[in-house]
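Observations on chain architecture
Listed here are the chains, written in short residue letters.
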Amino acid sequence: MSQEKPNTYTAEFRASAVKLANESDKPISQVAQDLGINVNTLHTWIGKYSRPKDSNKAVRSDEHLYDELKRLKKEVARLTEERDLLKKAAAYFAKEQK
């Protein structure tokens, strides 16, 4: 009969499996086979427990987004005023030509 495998693995086992898969020169499928786990399980663990590679990438904070929103609202108000002024000027000069 086949041996039953545990349905749950310890956090240490998962962490060491992910570390081994990331640092090993072997393909992930080979690492999974060596550890006796399903390759899809190992891929899931890698996605969950690996640190993002772009950790140096700056993350935009909410404060930065609020500042940008405030700036854009001011710009929209300014452009709306300019548009309205140009509409009035166009109407004025259209009346003069008649």
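The following paragraphs examine the structure supplied in this document. Keep in mind the model is a prediction, meaning the values are calculated, not measured. (Residues numbered from 1 in each chain as written. Predicted model: local features only at pLDDT ≥ 70, side-chain atom pairs only at ≥ 80, totals over all residues. Heavy atoms only, no water.)

Turning our eyes to something else, we now look at the overall build of the protein. Counting its regular elements, the protein contains four helices and zero strands. Helices (α) and strands (β) of the protein occur, in sequence order from the N terminus, as α-α-α-α. A buried classification covers 9% of the 98 residues belonging to the protein. Intrachain contacts of the protein at a sequence separation of at least 6 include 49% that bridge at least 24 residues. Accessible area of the protein: about 9100 Å², with a carbon and sulfur share of 53%. (Helix = DSSP H or I, 4+ residues; strand = E, 2+ residues; numbered from the N terminus. Buried < 20%, exposed > 50% of the residue type's maximum accessible area, 1.4 Å probe, protein only. Contact = heavy atoms within 4.5 Å. Areas by Shrake-Rupley, 256 points an atom, 1.4 Å probe, with all protein chains shown as cover.)

As a further point, take the pattern of salt bridges. Counting across every chain of the model gives four salt bridges. The shortest N-O distance in the salt bridge between Lys-26 and Asp-34 comes to 2.9 Å. In this structure Lys-26 comes out as partly exposed when scored by relative accessible area, which is 44%. Look at Asp-34 and you get partly exposed, because its relative accessible area is 44%. Glu-75 is the partner of Arg-71 in a salt bridge, and the nearest nitrogen-oxygen pair spans 3.5 Å. On the criterion of helical spacing, the pair formed by Arg-71 and Glu-75 is a turn pair, its members being four residues apart in helix α4 (residues 62–96). (Salt bridge = Lys/Arg side-chain N within 4 Å of Asp/Glu carboxyl O.)

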